[in-house]
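Descriptive analysis of the structure
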Amino acid sequence: MQKEWPLQIKYVQLRDAGLYECQVSTHPPTSIFVKLDVVEAKAEIFGPSEKYLKPGSMLRLTCRVVQSNEPPLYIFWYHNNRMINYDAHRGVNVSTEADNRYSELVISHTNTLNSGNYSCVSNNAVAASTLVHILNGENPAAMQHGDHGNAVLVASHIHLPLAIVTYQVINFVLNMH
């Protein structure tokens, strides 16, 4: 007569990954080992984490949800923490495939107000973000490197004012030498 002793883990988390042992109390003990891999579902936005565009150009962002056991119920797009899926009157067009694993955001004619952080958020995955700069006559290369090309500015979308100050300090120090 075979018996089963199931192990059920509710609300699985990354820390639940590892080797599990089922041991039967016989003499000698009998064990079966099972390795549990926990994979975290996440959203991905195609392309670089920062995008530079000229005013009037088209912005196209494509997001997909990967490593998910089931399709998400929704994918929402946010611009600077404001949901924009239904902002057609502002020139925002969002299309999402029926299974909610792919979504595309298109703004046909951008302007400087479209600059900022864009996030792709689903109900069952870690969100993804990208930073969009709509440059009004500015040179994106000048924003990334110091005059000597040996200082690279790394900026997070959360700390942009600090990054601009850091860039100015780096340029000041480089120009002193």
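Residues numbered from 1 in each chain as written. Predicted model: local features only at pLDDT ≥ 70, side-chain atom pairs only at ≥ 80, totals over all residues. Heavy atoms only, no water.

The name given to the protein in an unreviewed UniProt entry is Ig-like domain-containing protein, with Anopheles maculatus as the source organism.

Notes on the packing of aromatic side chains
For the structure on display, the rule yields 1 aromatic pair. Consider the rings of Y74 and F76, whose centres lie 4.5 Å apart with planes at 20 degrees: the pair is stacked. (Phe/Tyr/Trp six-rings, centres within 6.5 Å; stacked < 30°, edge-to-face > 60°.)

Here's the deal with the side chain of S103
Considering the arrangement of structural elements, one finds S103 in strand β9 (residues 102-107). A polar side-chain atom of S103 sits 3.4 Å from the main-chain carbonyl oxygen of S95. With residues near it in sequence (within four places) discarded, S103 still touches L61, T62, C63, I75, W77, V94, S95 and T96. (Helix = DSSP H or I, 4+ residues; strand = E, 2+ residues; numbered from the N terminus. Polar contact = N/O pair within 3.5 Å; in protein donor to acceptor, adjacent residues only side chain to side chain. Contact = heavy atoms within 4.5 Å.)

A few points about the sheet that holds strand β11 (residues 128-134)
Spatially, β4-β11-β10-β6-β7 is the arrangement adopted by the 5 strands of the open sheet, whose pairing is mixed. Among the strands making up the open sheet, the edge pair consists of β4 (50-53) and β7 (82-83). The sheet contact formed by strand β6 (residues 75-79) and strand β10 (residues 116-122) spans 5 bridges and is antiparallel. Pairing of H79 across the sheet is with Y118, part of β10. (Pairing = 2+ DSSP bridges.)

Structural notes on the layout of surface pockets
By volume, the second largest pocket amounts to about 330 Å³. Lining the second largest pocket we find 15 residues, and of these V39, E40, A41, Q67 and N69 sit closest to its centre. Tallied by class, residues from the lining of the second largest pocket come to 8 nonpolar, 5 polar and 2 charged. (1 Å grid on protein atoms, 1.4 Å probe; cavity = no way out; pocket = protein on both sides within 12 Å on 5 of 7 lines; lining within 4 Å. Points joined across faces, edges and corners; volume = space filled by probe spheres on them. Nonpolar A, V, L, I, M, F, W, Y, C, P; charged D, E, K, R; others polar.)

Examining the confidence of the model for the protein
When pLDDT is averaged across the protein, the result is 80; 76% of the residues are at 70 or more. Here residues 144-177 is modelled with pLDDT under 50, and outside its nearest four sequence neighbours on either side it reaches 27 contacts, counting other chains as well. (pLDDT = per-residue confidence, 0-100.)

Section: the pairing of β10
Taken across its 7 residues, β10 has 6 buried, putting it largely inside the fold. The pairing of β10 with β11 spans 5 bridges and is antiparallel. In the sheet register, Y118 faces β11, and the bridge partner there is T130. As consecutive antiparallel partners, β10 and β11 are separated by 5 residues. (Buried < 20%, exposed > 50% of the residue type's maximum accessible area, 1.4 Å probe, protein only.)

So, the environment of L105
Along the chain, L105 turns up in strand β9. Between the C-alpha atom of L105 and that of W77, which follows or precedes it by 28 residues, the distance is 7.6 Å. The residues touching L105, leaving out its near neighbours within four places in the chain, are L59, R60, L61, W77, I84, V92, N93, V94 and Y118.

A few points about the state of the cysteines
Evaluated as defined, the whole model comprises 1 disulfide. Two residues, C63 and C120, share a disulfide whose sulfurs are 1.9 Å apart. Since a negative S-S torsion denotes a left-handed disulfide, the C63-C120 link at about -75 degrees is left-handed. Taken as a pair, C63 in strand β5 (residues 59-66) and C120 in strand β10 lie far apart in primary sequence, 57 residues in all. (Disulfide = S-S within 2.5 Å.)

Topic: unusual backbone geometry
Residues H27 and P28 are joined by a peptide bond in cis, for which omega reads -5 degrees. The residue P28 is located in the loop between β1 (18-24) and β2 (30-36) in this model. One non-glycine residue, Q67, lies in the positive phi region at around 60 degrees. On the secondary structure map, Q67 appears in the loop between β5 and β6. Of the residues examined, Q67 reaches a relative accessible area of 45% and is grouped as partly exposed.

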